[in-house]
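Architecture at a glance
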Amino acid sequence: MIRTLLIITLISLSFVSCSTEKKRTSFNIGVSQCSDDAWRRTMNEDIQREASFYAGLNVTIKTAYDSNQRQIRDIESFIADRVDLIIVSPNEAVPLTPVIEKAMGEGIPVILVDRKISSGNYTAFVGADNYQIGKEVGVYAANLLNGRGRIVEIRGLEGSTPEKERHEGFLSVIKSYQEIQIIADDFGNWLRKDAKERMHGILKQNPQIDLVFAHNDEMAIGAYEALKVHNDIKFPVMLGIDALSTPDGGIQQVINGVLDATFIYPTGGEKAIQTAYNILNNKIFEKENILYTAVVDKTNARVIKLQTDQIHQHQYRIGQLNEVLDKNLAKYATQRTLLFASFVILVLFMAFILLLIRTVQHKNKTNKLLEAQNAAINKQKEAIAEQRDQLITLSKNIEDATQAKLVFFTNISHEFRTPLTLLLGPLENIVKNEKLSEEGARLAMLMRKNVQVLMKLIDQIIEFRRYENGKMQMYFTLSDLKVFIRDIYDSFYELSKKKHIHFDFSASTDDYIVWFDSDKMEKICYNLLSNAFKFTPENGSINIRLSSFIKDNERYARIVVSDNGKGIPEQHLNLIFNRFYKIDRLSSGSGIGLELTKILVELHNGTIEVESTEGKGSVFIVTIPYKQSDISVTEEYPVLNASLEDKKEEVSLLESSVEIKDRAYQRSTKPLVLIVDDNADIRVFLKGLLQDSFEVIEADNGQSGLYKAMKYVPELILSDVMMDVMDGFELCSQVKENISTSHIPVMLLTACAQDEQRAVGFESGADAYIPKPFNEELLKIRVRKIIENREKVKAYFQQNLTFGERKESVAEIDKTFMEKFRQIVEENIIETDLNVDEIGQRLGLSRVQLYRKIKSLTNYAPNELIRIIRLKAAEQAILNSEKSISEIAYDTGFSSPSYFTKCFKEYFNESPTEYLKRVKS
């Protein structure tokens, strides 16, 4: 049953397909016109109107505007578009012949209209016999002139076949009349404007003319317009060719009296389309289709015009009827297609219903089988899910255990830094200052070397932890990579001499100013060179080569470390950058150096490669770009602000918990440094380093350190970070927020050297951050330089009591404090009894705290600073007012003019009177 329905459906579809086929074939015709004159436009209208009578004929018209090259391009485009037939009205015969012959060669029929080409290679010709028309015009002219007269001939486009044939036909008749002379002829190029210009030229030479023959009506009208300018000349007989029925055509010009007669030259548009249809449908056609002519003069012009207008009206009506007929045919075809489609859909629907019944029956059988299979699959799924959960739990437990181990390992690595500091510092003192025996010096150097090796291993472990936590930060600087690697080379040079290894460094003459993280780059080079020295025997060689190259318009630096050691087996080359991987399990080392090196290179957006031959050595190639996409920017960390009441409360709490002695700390001439650390050994060690150059006081936690900072106002605070009661970050923040201590620089010393902890330290206002273990000379230099910078700040405040816009290294809170101090003095400058206690109360400080704050910032006592501000105000009054010296003295708060004069002379080295005379002179 289903098979039968399918057969019926296929038959129906075939029937619908056949019935809906178009009975008329569609053809594309290309029309190439040589110009855009009225005659050509009329021909185009005739072609389009006639084509509308034939279903499936699609016509495309292109105009060359009297250009041979443009017409050739138009025909070439028709050939490229593979049109079915081309209709051409050639601009000139010879230039157009090759392209028309090309179209014929491509199998495209060509119909020539009006004009021929220089060969007979075309499909059909439609047009009048121009030679015969020329003869008929000659006969008509001879009759009008009665065999005697002077004629001017205005010819068409030189070289075109109509021009040649019309001229030859006309001349063949006129030359038989001896008394008829062609006194002048010229080429009007089928255009009214050109003919008018040529006629003006002819009239200058030949004013007496009996007849003018123009090869078309447009040129005849142009000649007529030229004759109208010359009123003294008798109008000759005007003859033209075309007899178009347009409002400005030849027939209308005969009626208007512009022309005496015109000869009908049919466009041939209708005949061209009829011939094209016969050619495309393989019907019989004539190759030469000659159209005939007739004369139109005053005797028949009106009748022909009337007939032509009626024909146009009938053609327009026929066109409308064709459009209506096409619409009805399309509607009929659509309805017929819908009918057959409905029948097919009905048959398909019946087939679908039957198929659906069979499908449902099969589905029921299949569902029973699937249910049994699903039950088995679900059991397997539950077992797999249980195993997956077990694996997830096991993986999480392993991950948690690994993380716990890493955290413990990292924390214990941090804890190693403090005892290593106490090892490395005294060792360096012993090596530098103590007189040791040769064996003792050797052992001390060995101890120092191994402490440094242990520090590098700890640094690598911490670097790994940072990288795994995503907290490793890059600090790129623009530096000379060549100089940097030269320094590393120098540090390994002594080792190469001891191991009798030829060690060489070479670099090309290129510029090596590159963005890189110097700390990370040092680790990269150190690891590669350490491995090279480790696996290169005595009398071997190690080379470092630095070069640059350009790839994809970006410059790269290439670092090559090569050796002639024992090399790496080929099977291990792809594994050496894996964590904890060691080629020789018995060799020393942790197996993390090369993985860390690869990580650090990739953080520079670079690559590392290795080439090695076992027994011949290895080559490691590091490539990094000159520029980095992400460059770290130094941030300015804002100082946290606290209210005055909060600060007072803090001070009162501290003073209540610690006994404060009334007398001030008696300082020596050395700068005072406060050391804050909960490790007594570290405090003893630091005090021993600094006590020769500085006065040192100590505190064992942050709270005690804050109290001593407020009490003694040291030149510098040197503090650990990890402490009980109050840590170093909180101490630093409290110091920087308190008005009495905000100017004191804070240097943090800690075993926690991670970047995020540094950021917290700088956020709290730290001026410097030094990781443990540290180089004691470097520490002394940093302490000395920070204190020297504070002396520059004092000098700045001494020399800039007017507090301009200059910032330098002055903290904003200190600048604001000094501005408030100056403002209070200036607002009360006339008060002679203005004292330090009153100013301190308004600033929220005790007399002692104010004294130490002002002294630390300016090196002046508060009273000295008040007096200087009064003297500065007096100086401005002397310069800008007409008051007497006595008035100025009292206005600026001095108790008497004599005391004012004494103070003024001490500060300015001249009396007020002498100063006034000098500036006024």
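Residues numbered from 1 in each chain as written. Predicted model: local features only at pLDDT ≥ 70, side-chain atom pairs only at ≥ 80, totals over all residues. Heavy atoms only, no water.

1. Notes on helix α3 (residues 68–80)
The terminal C-alpha atoms of α3 lie 18 Å apart, and with 13 residues this matches the ideal 18 Å at 1.5 Å per residue to within 8%. Residues Asn68, Gln71, Ile72, Asp74, Ile75, Phe78 and Ile79 constitute the buried set of α3. Looking down the long axis of α3, one finds its buried residues gathered within 160° of arc, a one-sided arrangement. Seen from the buried face of α3, the exposed residues on the opposite side, beyond 90 degrees, are Gln69, Arg73 and Ala80. (Helix = DSSP H or I, 4+ residues; strand = E, 2+ residues; numbered from the N terminus. Expected span 1.5 Å × (residues − 1). Buried < 20%, exposed > 50% of the residue type's maximum accessible area, 1.4 Å probe, protein only. Arc of directions from axis to C-beta.)

2. Focus: the pattern of salt bridges
Per the stated rule, a full pass over the model turns up 28 salt bridges. The partner of Arg82 in a salt bridge is Glu106, with the nearest N and O atoms 3.3 Å apart. Residue Arg82 is located in the loop between α3 and β3 (85–88), and its partner Glu106 is located in the loop between α4 (93–105) and β4 (110–113); the two are separated by 24 residues in the primary sequence. According to the relative accessible area criterion, Arg82 is partly exposed, its value standing at 47%. The partner of Lys520 in a salt bridge is Asp517, with the nearest N and O atoms 3.4 Å apart. As far as the burial class goes, Lys520 and Asp517 line up, both buried. Each of Arg192, Lys196, Glu218, Glu225 and Asp248 takes part in one network of salt bridges that share partners. (Salt bridge = Lys/Arg side-chain N within 4 Å of Asp/Glu carboxyl O.)

3. What about the sheet that holds strand β6 (residues 149–155)?
If you trace the 6 strands from one edge of the open sheet to the other, you get β7-β6-β8-β9-β10-β12, paired in mixed fashion. Every other strand in the sheet has two partners, leaving β7 (180–187) and β12 (295–297) as the edge strands with one partner each. Ignoring strand direction, the axes of neighbouring strands in this sheet form an average angle of 20°. Note that strand β9 (residues 237–242) and strand β10 (residues 261–264) share 4 bridges and pair parallel. (Pairing = 2+ DSSP bridges. Axes fitted to C-alpha atoms, helices over the stretch in contact; angles between N-to-C directions.)

4. Structural notes on the packing of aromatic side chains
Here the structure, examined in full by the defined rule, presents 19 aromatic pairs. Between the aromatic rings of Tyr489 and Phe503, the centroid separation amounts to 4.6 Å while the plane-to-plane angle is 40°, which identifies the pairing as tilted. Of this pair, Tyr489 sits in helix α13 (residues 481–498) while Phe503 sits in strand β14 (residues 502–507), and the two are 14 residues apart along the sequence. For Tyr489, a relative accessible area of 9% corresponds to the buried category. For Phe503, a relative accessible area of 5% corresponds to the buried category. With centroids separated by 5.2 Å and ring planes inclined at 75°, the aromatic side chains of Phe503 and Phe533 adopt a geometry described as edge-to-face. Remark: Phe533 occurs in helix α14 (residues 518–535) and Phe503 occurs in strand β14; sequence separation between them is 30 residues. Since its relative accessible area comes to 2%, Phe533 is described here as buried. Aromatic ring contacts, followed pair by pair, group Tyr489, Phe492, Tyr493, Phe503, Phe505, Tyr526 and Phe533 into a single cluster. (Phe/Tyr/Trp six-rings, centres within 6.5 Å; stacked < 30°, edge-to-face > 60°.)

5. Concerning the environment of Leu112
Looking at the secondary structure, you find Leu112 in strand β4. A sequence separation of 24 residues divides Leu112 from Val88, and the C-alpha atoms of the two residues are 5.0 Å apart.

6. Looking at unusual backbone geometry
Phi is positive for Tyr65, which is not a glycine, with a value near 55°. Among the structural elements, Tyr65 can be located in the loop between β2 (57–63) and α3. In this structure, Asp114 takes a positive phi of about 75° despite not being glycine. Mapped onto the elements of the fold, Asp114 is located in the loop between β4 and β5 (124–128).

7. Brief notes about the confidence of the model for the protein chain
Scored by pLDDT, the protein chain comes out at a mean of 80, with 84% of its residues at no less than 70. Segment residues 632–666: pLDDT under 50, and 36 contacts once partners within four positions in sequence are set aside and those in other chains are kept. (pLDDT = per-residue confidence, 0-100. Contact = heavy atoms within 4.5 Å.)

8. What to know about a nonpolar patch on the surface
Taken together, Phe349, Phe352, Ile353, Leu356, Ile357 and Val360 make up a surface patch of nonpolar side chains, about 540 Å² in accessible area. In this fold, Ile357 is placed in helix α11 (residues 301–433). (Patch = residues over 30% accessible without salt bridge, like charges linked within 9 Å, V, L, I, M, F, W, Y side chains within 5 Å. Areas by Shrake-Rupley, 256 points an atom, 1.4 Å probe, with all protein chains shown as cover.)

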